[in-house]
Amino acid sequence: MGGNIIVSVVLVLLCSWLLLFVGHDHQPRLLLLGRAQRPDTAAASNVVRVGALLDLGSAGGRASRAAISLALDDFYASQPAGSGTTVDLHVADCKDDDITAASAAIDLLKDVKVQAIIGPKTSMQARFIIGIGNKTNVPILSYTATSPYLSANQSKYFVRTALDDASQVSPIASLIQYFNWRQVVLIYEDSDFGRGIIPYLVDALQDADAHIPYRSIISSVPTDDQIKVELNKLKTMQTRVFVVHMSSDIAARLFVLAHDAEMIADGYAWIVTDSVGNMFSTFDQNTVNSMQGVLGVRPYVPQSDKLLNFPVRFLSRYRQQNPGAPDPANPNVFHLWAYDTAWAVATGLRKVGPLTQGFKLPSSQNSNNSNDLSMLAVSQDGPGLIDAIRATRFQGISGEFVLVHGQRQASAFEIFNVIGNSYQGAGFWIPKFGLSKKFITSFGPSDTVELNTVIWPGGSAQPPRGWEWPVAGKKLKIAVPVKPAPNPFVDVKKNLVTGKFDVTGYCIDIFEAVMQEMPYAAPYEYVPVVDPNIVTNLTISYSEICYQVSLKKYDAMVGDTTILINRSSYVDFTLPYTESGVQMVVPMKKNWSSSLWVFLKPIEPILWAAFLAVFVFTGFIIWLVEHKESRDFGGGVGKQFVNIAYFCFQALLAVPKDPKLKKWLSKFALINLVLLVWLLEKLYSASLTSMMTAHQLQPTVFDLNQLISNGDYIGYQGGSFVKDFLKSHKVEEHKIRNYSSPDQYAEALMKGSWNGGVAAVFDEIPYLKLFMSKHCRNHSIVGRVYKTGGFGFVFPKGSPLVADVSRAILTVTEGDKITDIEQKWFGRDVVCNSKADAIEPASVVTWSSLRGVFFITIGLWAVAGIIYALLWFFPRQEEERVAELAIEHVHGNRDESIIWRIDRDSHLVIRLRGNPPPPADDAGPQCAVARPESGHDGVEPTPDVRNVEAPEEQVQTVELPLLPASSGNNEAVNEAEAAENSQNTGRLLRRK
């Protein structure tokens, strides 16, 4: 762009040189129209010459001159007399011509030696003059060059005191979003001014989720016929929302012709930028009548006393400078910006002080080329002056004057609505808060994002939908995929009589029911889509048809099309009308209930191992606690092992009634085992019963990972996205086989993976339900559901039909129509028992389902073990020790024993009844000997026994006093000691 500017500047200089050379006598008429304002003290150091480039041939240019001169008078009237510098204004008529403007600027710099230039009028003129200002260090201040192509950041000596056109794109986008419009047509002037805003406006509309289907470009010098051609083209389109950005004179003609074409009517929405809104006061009544219902955006100017008094003073100054000329229209924002621009220049000059350094000619001079750009002197005071101007800040007549990087900042925008002979405010757009009914400085709880009532073209207060079916529009071309076999979802057959295609199916009926629910008529026709490269007319990939819709080869696509994220990047989907998901169907095989080891199947192996460990550990605990004190768990190692195993196994069936366990820890361990056995027995019985009574069928595989690990072949429906889905899950492409009908599915599954068929078929749930309605007895739908978006209708990106069709889909799916259509094509729900017949692994009792019980058992054991250990290592001191008397009676094979615990000082009397067998010797009848525990005094207790023969039936009484026991011996005394003691202390009772 910089190279183009330099070339343009050079061309301007050449033209200027020729112009001045040929018409040198007319120079004073061109330049010094403002010379009458120059004071006699022009040579004084406190007077600074400032130039202004204005189109004095237009009312707007003359009005700007009045505003600038009025601003300078007001400024110096507000300052102390004789203080600081004074502006000597020189106005040059640049006309409405780029070359004339550049030439006038050069003359102001070369002949008048101005220190700053206000103007020029257009962005194209400013592009030439900015380069001259950079070379001469002279600030260029423009209050009308609004094109974003001009950037104050790229030129230090350029200051834009107007708002950049790009600053209004956010308010426009907010309006589009507020009224929920999804398509917008841009109408703009074919010039730098017109094109400059478009990239920014496109980005803003995209952020508002609005699409631009068409851009209408109007010539910068259009004829009425050219405008009519564009309007007729717009009239045949669906979109009814237009954003207009062009100069006010072209816009006035556009709206008059649009009104004549009946495009300012119901259903249309027109939005104009500030290029039209700022100049609204200049429109005649015919133009205003043609703009009824138009919505506009323009900078907000806050009310002030100075602003209220400005129109009268402005008109007086205008009449003074232009005697006999017609009165101008009310001052617009450009006149206010011109006023503030002059005020900013005067303020900057006061800040920088007297400009004493003047101009300096370039070091290399060429006297033969007096009009060359290199001959322009460079201002030595320019750097200080531009810095002072950029730092200027004040409350101007148009609002707060603030420059950021040489660019004025917008405070707010006003939304206006053309009604009657003028307009009314519809609201405001504030950078921090967005749209609002009133101007706010802070967003409170009661403030909402809304506008006042807007009257639209045609007089309606209801916002237009934003699009309508065009009067001369064509029918919608609906793409329908052709399948090689009859399909209840989409079926296309050619009518041999009419030569047309008959399109039927579940998806077609749904679409037609939806179109009947639309709030307007939308004519359409079906276009079957087949692959031209395949002789058999197989359908092409659904993704390829979606892509053709995105290219607008078709207006929509109807069929069993799945909503996928990658497709949604280039087309729009409606809401789904079916359930979503992908699953697999597999054949059933015989169950293993005929196996030899089926009784082990109800419980998984790890649970068997865990139970066996508990069983063994319980036996070990009982043996450890009881074997020293119980004769039932005594004996050799083999006998002990058999006894404890038998005892625990007996506990599995029923709790032993014989109280053989003496210790509380062994009893506690046995209770835990019994409870665990009870729980396992219930679960085992239920699972085994289910296995033995159910039909002997189960799926061959249960998930995709099992298929991949087995290297099995997998089937899918040709043309669908399932192939890409399988490939994305690491399935090798050569392991994937495509089929086109449910019967082919069944045949491939019957053959199996290694006989030319497949082990499983992956498809969408609606298709699997259709398959199972015919082949459910030997097949089952298994595995996880891979979620998808369901079936939806496809439209081009940004199509306005999507929202209305989606709402119609909700009406159909929430009513009775969807049920009638489903029964028509699929019949009533088919009851299939294959899933109930299949025994899933979930019927087996697993470790994970019972591990909590085992953990509780282990925890209780741990607590009991800790308590037992504490009692073992820290025994309680007993006040009384006890002895133990064991009487054992052996009769035949019966072995009975009784054990008593005897207190320390107890008196034991034993009575023996019956006829004992004769003794083998003279020792007489024998009885068990009491074995007292050791006493505290360390003396061994000795029993006193007296034996008397008892012929036939007799009663023998033996008194056994317990004597102190010795500390080191717990054995019974021998028979001689017992006899001796009995003679001294015992007594015998004998009775026949």
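Residues numbered from 1 in each chain as written. Predicted model: local features only at pLDDT ≥ 70, side-chain atom pairs only at ≥ 80, totals over all residues. Heavy atoms only, no water.

Rules: UniProt positions are given in the numbering used here, feature names are shortened, and annotations may be inferred rather than shown by experiment.
With an unreviewed UniProt entry as reference, the chain is termed Ionotropic glutamate receptor C-terminal domain-containing protein, source organism Urochloa decumbens. The record in UniProt for the chain states the following under Sequence similarities (unreviewed entry): "Belongs to the glutamate-gated ion channel (TC 1.A.10.1) family." UniProt, in its Subcellular location (unreviewed entry) section for the chain, records the words "Membrane".

**What to know about the sheet that holds strand β7 (residues 215–219)**
Convention followed: In this scheme, strands are said to pair when DSSP sees at least two bridges between them. The helix count covers DSSP runs of H or I at least four residues long, the strand count covers runs of E at least two residues long, and both are numbered beginning at the N terminus. Helix axes are fitted only over the stretch in contact, all axes being lines through C-alpha atoms; the angle between N-to-C directions runs from 0 to 180 degrees. We call two residues contacting when some pair of their heavy atoms lies within 4.5 Å.
Read from one edge of the open sheet, 8 strands run β7-β6-β8-β9-β10-β17-β18-β19, paired in mixed fashion. Two strands close off the open sheet at either side, each with one partner strand: β7 and β19 (434–436). Strand-to-strand twist in this sheet, taken as the mean axis angle between neighbours without regard to direction, amounts to 25 degrees. The pairing of strand β9 (residues 269–272) with strand β10 (residues 295–299) spans 2 bridges and is parallel. What sits directly across from V272, in β10, is G296. The sheet strands contacting helix α8 (residues 198–207) are β6 (185–190), β7 and β8 (241–245), and the helix crosses β6 at an angle near 170 degrees.

**Digging into helix α5 (residues 123–136)**
Heads up, the condition is: By this rule, a helix spans an expected 1.5 Å times one less than how many residues it contains. In this analysis the local bend is the angle between axes fitted, respectively, to the seven residues ending at and the seven residues starting at the residue. Type-normalised accessible area, obtained with a 1.4 Å probe on protein chains alone, sets the label of each residue: buried when under 20%, exposed when over 50%, and partly exposed for intermediate values.
For α5, spanning 14 residues, the distance from its first C-alpha to its last is 20 Å, which sits close to the expected 20 Å at 1.5 Å a residue. Along its length, α5 shows its largest kink, about 25 degrees, at I129. In terms of residue burial, α5 counts as a mostly covered element, since 10 of its 14 residues are buried. Taken residue by residue, α5 has S123, Q125, A126, R127, F128, I129, I130, I132, G133 and T136 as its buried positions. A positive phi of about 60 degrees marks N137, the residue just after α5.

**What to know about the UniProt feature "transmembrane region" (unreviewed entry) in the chain**
In the numbering adopted here, UniProt assigns the feature "transmembrane region" (unreviewed entry) to residues 6–23, 606–625, 637–655, 664–680 and 853–874. Strand forms 0% of residues 606–625 and helix 100%; the C-alpha atoms that close the span are 29 Å apart.

**Remarks on the pattern of salt bridges**
Quick note on the threshold: Criterion for a salt bridge: a side-chain nitrogen of Lys or Arg within 4 Å of a carboxyl oxygen of Asp or Glu.
Applying the stated rule across the entire model yields 24 salt bridges. The salt bridge partner of D192 is R195, with a shortest N-O separation of 3.1 Å. Placement of the pair is D192 and R195 together in helix α7 (residues 192–196), with a separation of 3 residues, close to one helical turn. Taking the shortest distance from any N to any O, the salt bridge between K824 and D509 comes out at 3.0 Å. Linking K824 in helix α26 (residues 817–826) with D509 in helix α16 (residues 506–516), this pair joins segments that are 315 residues apart in sequence. What emerges from the salt-bridge pattern is a single network uniting R127, D190, D192 and R195.

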